[in-house]
Amino acid sequence: MSMANGVLERSFQAELRDVMERHVDDEMLVGSAGRLTGGEVLRRCEAIRDELLFAGLDVGEYVACAGNGDIDMMIASMGIMLAGGIPLPMQLFREVESWSVGLAQSHARFLVAEETCERLVADVMRGFGVEPAVVLVALDGSVLHPCAAGSYEDVDVDPASIGMVRFTSGSTGVPKGILMSYAAVFYNIAASQTLIGYRDNGRYLNVVPSCDYVSLVFSIAALMRDEVVVFCPSMMPAADEVVGMLEQERITDMLMITPQLLALAESGLMAGRDVSHLQRILYAGQAVTVPALRRLISVIPCELAQFYASTEAGILAGLTAQDHKSDDDRILSSAGRPFDLAGTRVAIRNPATGCDVAQGEIGHIMVSGPGVCPCKLGSDEPFDMVDGWRDMLDLGIIDENGYLSVKGRTRDVVMYRGSIVYAQDIEERIANVPGVCDVCVHPVTHSADGERTFAWVVPDQGASLDPNAIMECVEASFGWASRPAYIEFIDELPKMGSLQKVDKRGLRARAEQMLESWRAGIVD
């Protein structure tokens, strides 16, 4: 199997079976329930396939799957795909109102679940008028009460058909279920491989909940490059557990969300531990300031690589391991170079004219290609698409060397007295102030000026920061229009979702409420 061109040339089901049969006697999955060979994984996937097909699953039907994040949920998802179904992972670490939306919109009739989760999810499905056909699985992925009479064949599905559902973080409201074709899934796997690389006797550590699309896709990617996949026992493991697994399981590579990687580096726990097998960490989820990235590079004892992506458009650009060795701050602050893979195209455009802007000018980041997912759960109509292109709603610039820099979300642009202010530029400047640990900048309404900038600043432990001095630093770098109107010190920035993104929506609501109180004279 070749992933060099990012194009899925046969069914995804055939690719999955090929991987498992290729390692029928080799260790493939490791979790709290034990160690499974490729043959054992295949038999469990086939058993789930048989139960679903025996119960009447149609091709392209959604199947809810619910568990606590071990190897059983990965096996469940692969078994569902072998049956021609679409796995619908229930992110039970979120509120019921969040993950139940997927059940309502998908009209799922089937549920694959651990016994501990079955009643909760099944009751929600019954609340939507569905009596689910339930397949119970143990932590090792084996079917607990098999009913199927005989064995079935895999159901091969066209690569253009929907294969998975990825839920957004919910940062703009209720999470949306984005429909991913098998071709889009395979494109993302191939794009990730260009950054994480190949290695002999590789062992990939999964530290993202296995009920999340990211966990499933990157774990399958590891299997496709013939690595063993190891699951952390905890759904969201702390740094000490991660370090213990790195040492115990001789891990060679892993994907981490950015806050996890920062916490791992700050813990200092890798010093003095045998993590010599670790070769590369791929990270994503949110931007890292240049000072924070330089600290990561100095502390993490392996190569780093980063990718820029969105739920709706897939992986678009990558900052390679070689890029991380650069002394150029412009490269380190960028998202890397856009991928030239499977026809993917990234452009910077003026949304008013629909035309590309001149090189070096800021515009909307637009993307077309196999990773773009035009539809969402509950609707067959494409959304936010213009002539086959998706507007990322991010502002960006591509420099003369082809590096893409993201200037923030379009909603984080502040129009102040005729000047354009970019929140991300202000964040990066404040992050460089000695004593600053973390920062978030966003616009707030202002009666006289329309909008001003509000900065939430997390000081380093024991640091004493002067808000006026911070404001002056920003003004000295970008001019008076960029000077934050308000600075509030906070112990930590609130995070949300499995990717632990900063909850800017919540922070802005909190800031607006604070400002309203200040204006009314309620707060000193």
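Preceding this section is the structure that the text describes.
The following refers to the structure shown.

## Observations regarding the pattern of salt bridges
Here comes step 1: Counted by the stated rule, this structure contains 32 salt bridges.
Here comes step 2: The partner of E227 in a salt bridge is R225, with the nearest N and O atoms 2.8 Å apart.
Here comes step 3: A relative accessible area of 5% means that R225 is categorised as buried.
Here comes step 4: With a shortest N-O distance of 2.8 Å, D356 and R349 are connected by a salt bridge.

## Observations regarding the state of the cysteines
Here comes step 1: Applying the stated criterion across every chain yields a total of zero disulfides.
Here comes step 2: Here C437 stays free of any disulfide, with the sulfur of C440 as its closest cysteine sulfur at 14 Å.
Here comes step 3: Here C437 falls in the partly exposed class, since its relative accessible area comes to 36%.
Here comes step 4: Counting only cysteine sulfurs, C437 is the nearest neighbor of C473, a cysteine outside any disulfide, at a range of 17 Å.

## Some thoughts on the sheet that holds strand β10 (residues 228-231)
Here comes step 1: With respect to topology, nine strands assemble into an open sheet ordered β2-β1-β10-β9-β11-β12-β13-β14-β15, the strand pairing being mixed. Edge positions in the open sheet fall to β2 (34-37) and β15 (337-338), since each of these has one partner strand only.
Here comes step 2: In the sheet, strand β9 (residues 203-206) pairs with β10 via four bridges, with the strands oriented parallel. Looking at β10, one finds that Y204 is bridged to V229.
Here comes step 3: Sheet contacts for helix α3 (residues 71-82): β1 (27-31), β2 and β10; angle to β1, the most-contacted strand, approximately 130°.
Here comes step 4: Where helix α6 (residues 182-196) meets the sheet, it contacts β9, β11 (253-257), β12 (280-284), β13 (303-310) and β14 (314-319), and its direction lies at approximately 10° from that of β14.

## As for unusual backbone geometry
Here comes step 1: In the Ramachandran plot, D226 falls in the positive-phi region, its phi being about 65° despite a non-glycine side chain.
Here comes step 2: Along the chain, D226 falls in the loop between α7 (213-224) and β10.
Here comes step 3: Judged by relative accessible area, D226 falls into the partly exposed class, the value being 38%.
Here comes step 4: For R250, which is not glycine, the phi torsion reads 55° and is therefore positive.
Here comes step 5: With respect to the secondary-structure elements, R250 resides in the loop between α8 (239-248) and β11.

## Remarks on the packing of aromatic side chains
Here comes step 1: Counting across every chain of the model gives four aromatic pairs.
Here comes step 2: Ring centres of F454 and W456 lie 4.9 Å apart, and the angle between their planes is 35°; this geometry places the pair in the tilted category. Considered together, F454 and W456 belong to a single accessibility category, that of buried residues.
Here comes step 3: Through successive ring pairs, a cluster of aromatic residues spans F454, W456 and Y486.
Here comes step 4: Positioned above the aromatic ring of W389 is the side chain of R349, whose terminal nitrogen or guanidinium carbon lies 4.0 Å from the ring centre.

## Observations regarding the sheet that holds strand β5 (residues 110-114)
The strands that make up a sheet pair up through hydrogen bonds in the backbone, lying either parallel or antiparallel.
Here comes step 1: The strand order β4-β3-β5-β6 describes an open sheet built from four strands, whose pairing is parallel. The sheet is open, and its two edges are formed by β4 (86-89) and β6 (133-137), each paired on a single side. With direction set aside, neighbouring strand axes in the sheet form an average angle of 25°.
Here comes step 2: Relative to β6, β5 runs parallel, the two being bridged by five bridges. Looking across to β6, one finds that L111 is bridged to V134.
Here comes step 3: Contacting β3 (62-66), β5 and β6, helix α5 (residues 115-127) crosses the sheet at an angle of about 150° to β5.

## As for the side chain of S405
Here comes step 1: Mapping S405 onto the fold places it in strand β21 (residues 404-409).
Here comes step 2: Taking relative accessible area as the criterion, S405 reaches 15% and is therefore assigned buried.
Here comes step 3: Setting aside chain neighbours within four positions, we find S405 in contact with S334, A335, L395, G396 and I397.

## A word on helix α9 (residues 258-267)
Here comes step 1: Restricting attention to buried positions, one finds in α9 the residues T258, P259, Q260, L261, L264 and A265.
Here comes step 2: Backbone geometry just downstream of α9 places G268 in the positive-phi region, at approximately 70°.

## Some points on empty space enclosed by the protein
Empty space left among the atoms is revealed by rolling a probe the size of a water molecule over them.
Here comes step 1: The tally for this structure, following the rule as stated, stands at three cavities of 30 Å³ or more.
Here comes step 2: In this structure, the largest cavity encloses a volume near 80 Å³.
Here comes step 3: C65, M73, S77, P87, P89, M164, V165, S210, C211, D212, Y213 and L216 together form the lining of the largest cavity.
Here comes step 4: Listing elements by their share of the lining of the largest cavity, those giving two or more residues are α3, β4, β7 (162-167) and α7.
Here comes step 5: When the residues that make up the lining of the largest cavity are grouped by side-chain class, the tally is nine nonpolar, two polar and one charged.
Here comes step 6: Counted as a void, the second largest cavity has a volume near 40 Å³.
Here comes step 7: Together, P89, M90, Q91, R94, S98, W99, F167 and P175 line the second largest cavity.
Here comes step 8: Its residues assigned to classes, the lining of the second largest cavity shows five nonpolar, two polar and one charged.

## Focus: the layout of surface pockets
Here comes step 1: What the second largest pocket holds in volume is close to 220 Å³.
Here comes step 2: If you go around the second largest pocket, you meet 16 residues; those closest to its centre are I162, L179, C375, S379 and D380.
Here comes step 3: Going through the elements one at a time, α4 (96-106) and β8 (177-181) are the ones with two or more residues in the lining of the second largest pocket.
Here comes step 4: Grouping the constituent residues of the lining of the second largest pocket by class yields nine nonpolar, five polar and two charged.

Here is what the cut-offs are and how they apply
Residues numbered from 1 in each chain as written. Predicted model: local features only at pLDDT ≥ 70, side-chain atom pairs only at ≥ 80, totals over all residues. Heavy atoms only, no water. Salt bridge = Lys/Arg side-chain N within 4 Å of Asp/Glu carboxyl O. Buried < 20%, exposed > 50% of the residue type's maximum accessible area, 1.4 Å probe, protein only. Disulfide = S-S within 2.5 Å. Pairing = 2+ DSSP bridges. Helix = DSSP H or I, 4+ residues; strand = E, 2+ residues; numbered from the N terminus. Contact = heavy atoms within 4.5 Å. Axes fitted to C-alpha atoms, helices over the stretch in contact; angles between N-to-C directions. Phe/Tyr/Trp six-rings, centres within 6.5 Å; stacked < 30°, edge-to-face > 60°. Lys NZ or Arg CZ within 6 Å of the ring centre and 35° of its normal. 1 Å grid on protein atoms, 1.4 Å probe; cavity = no way out; pocket = protein on both sides within 12 Å on 5 of 7 lines; lining within 4 Å. Points joined across faces, edges and corners; volume = space filled by probe spheres on them. Nonpolar A, V, L, I, M, F, W, Y, C, P; charged D, E, K, R; others polar.

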